[in-house]
Each structure stands twice: as structure tokens, then as C-alpha cells.
Amino acid sequence: MITIWPQYLNKNLSLNQGRKIALEDCVKDPTMNEIEKALKRLGLKYNIDKERAYPGKWYEKSGRVLVEWEGTKLELIREVSLKIKEIRQ
């Protein structure tokens, strides 16, 4: 299982603040609903935990998603981000 926090995909954050992928692959302020829609369209199994807080922002419950994925974490984050971009168009 791979954990995805919305911060990993957020174009408004720096690498130090939690972003994991290149700016051109990111989206602005991704929501848990958008991440869930992207995972459904990718046909992946996942569990959402909306009451969790990203460790860097322990005071803000942003939620997280646990995803079954065979590849690397960065590949999964890119796929989800690109799917969110597609959904937003």
C-alpha cells in the first residue's frame, strides 16, 4: 500500500512543504474527492482516511489515501495528478 497525501500533488507547495513531483505535473489545491475520482478512473483499489493530518501540518486534517500499486510512489502520484488535470478540463 502506498500513501498519498493531497500535499504531494499541490502546485502551491514547495518541495520542502511536501510536494513530491515536478510543478508541471501538479495541480492547484487537489481535494480528496478529486483524488478519489482519479483513482476510480485508474481502476485502483484504495482506502480513504479523511481524519488524518499530514505530518508537516499536524494541526490540519487534510486526509490521506492508501492505494494498492505495483510501481513506484512517484509514478502513482504523477498518474493521479495527470488524471485530476484531465477531470478538471
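These remarks concern the structure in this document. (Residues numbered from 1 in each chain as written. Predicted model: local features only at pLDDT ≥ 70, side-chain atom pairs only at ≥ 80, totals over all residues. Heavy atoms only, no water.)

**Examining the sheet that holds strand E1 (residues 2-4)**
Moving on, step 1. The strand order across the open sheet built from 3 strands is E1-E3-E2, with neighbouring strands paired in antiparallel fashion. In this open sheet, the two edge strands, each paired with only one partner strand, are E1 and strand E2 (46-49). Taken over all neighbouring pairs, the strand axes of this sheet differ in orientation by 20° on average, direction set aside.
Moving on, step 2. When E1 meets strand E3 (residues 64-67), the two strands line up antiparallel, connected through 3 bridges. Each bridged residue has a counterpart across the sheet, and for Thr3 the counterpart in E3 is Leu66.
Moving on, step 3. In this fold helix H2 (residues 73-88) packs onto E1 and E3, with an angle of close to 40° to the strand it touches most, E1. (Pairing = 2+ DSSP bridges. Helix = DSSP H or I, 4+ residues; strand = E, 2+ residues; numbered from the N terminus. Axes fitted to C-alpha atoms, helices over the stretch in contact; angles between N-to-C directions. Contact = heavy atoms within 4.5 Å.)

**Some points on the pairing of E3**
Moving on, step 1. Alignment of E2 against E3, held across 4 bridges, turns out to be antiparallel. In the sheet register, Ile48 faces E3, and the bridge partner there is Val65.

**Some points on the packing of helix H1 (residues 32-42) against H2**
Moving on, step 1. At a minimum axis distance of 9 Å, the contact between H1 and H2 shows a crossing angle of 100°. Comparing their axes, H2 and H1 come out roughly perpendicular. On the side of H1, the interface is formed by Glu34, Ile35, Lys37, Ala38, Leu39, Arg41 and Leu42, while H2 contributes Glu79, Val80, Lys83, Ile84, Ile87 and Arg88. (Parallel < 35°, antiparallel > 145°, perpendicular 65-115°, else oblique.)

**A look at the pattern of salt bridges**
Moving on, step 1. Enumeration over the complete set of coordinates arrives at 7 salt bridges.
Moving on, step 2. Arg64 serves as the salt-bridge partner of Asp49, at 3.7 Å between the closest nitrogen and oxygen. Of this pair, Asp49 sits in strand E2 while Arg64 sits in strand E3, and the two are 15 residues apart along the sequence.
Moving on, step 3. Arg64 gets classed as buried once you look at its relative accessible area, which sits at 18%.
Moving on, step 4. The network of salt bridges with common partners includes Asp49, Arg52 and Arg64. (Salt bridge = Lys/Arg side-chain N within 4 Å of Asp/Glu carboxyl O. Buried < 20%, exposed > 50% of the residue type's maximum accessible area, 1.4 Å probe, protein only.)

**Considering the environment of Ile77**
Moving on, step 1. The topology assignment puts Ile77 in helix H2.
Moving on, step 2. Taking the C-alpha atoms as reference points, Ile77 and Lys20, 57 residues apart in sequence, are found 7.9 Å from one another.
Moving on, step 3. In this structure, Ile77 is in contact with Tyr8, Leu9, Lys20 and Ile21, ignoring residues within four places of it in sequence.

**What to know about the nonpolar core**
Generally speaking, nonpolar side chains in soluble globular proteins are found buried as a group.
Moving on, step 1. Counting 21 residues, the largest nonpolar core has Ile35, Leu39, Val67 and Val80 as the members making the most contacts within it.
Moving on, step 2. Listing elements by their share of this core, those giving two or more residues are E1, H1, E3 and H2.
Moving on, step 3. Residue contacts for Val80: discarding those within four places in its chain leaves Ile4, Leu9, Ile35, Ala38, Leu39 and Leu42. (Core = buried A, V, L, I, M, F, W, Y, C linked by side-chain atoms within 4.5 Å.)

**Structural notes on H2**
Residues lying three or four places apart along an α-helix face the same way, a consequence of the helix completing one turn every 3.6 residues.
Moving on, step 1. Between its first and last C-alpha, H2 extends 23 Å over 16 residues, near the 22 Å set by a 1.5 Å rise per residue.
Moving on, step 2. Those residues of H2 lying buried are Leu76, Ile77, Val80, Ser81, Lys83 and Ile84. Looking straight down H2, one finds its buried side chains confined to an arc of 160°; they lie on one side.
Moving on, step 3. In the core, the buried residues of H2 are packed alongside E1, H1 and E3. (Expected span 1.5 Å × (residues − 1). Arc of directions from axis to C-beta.)

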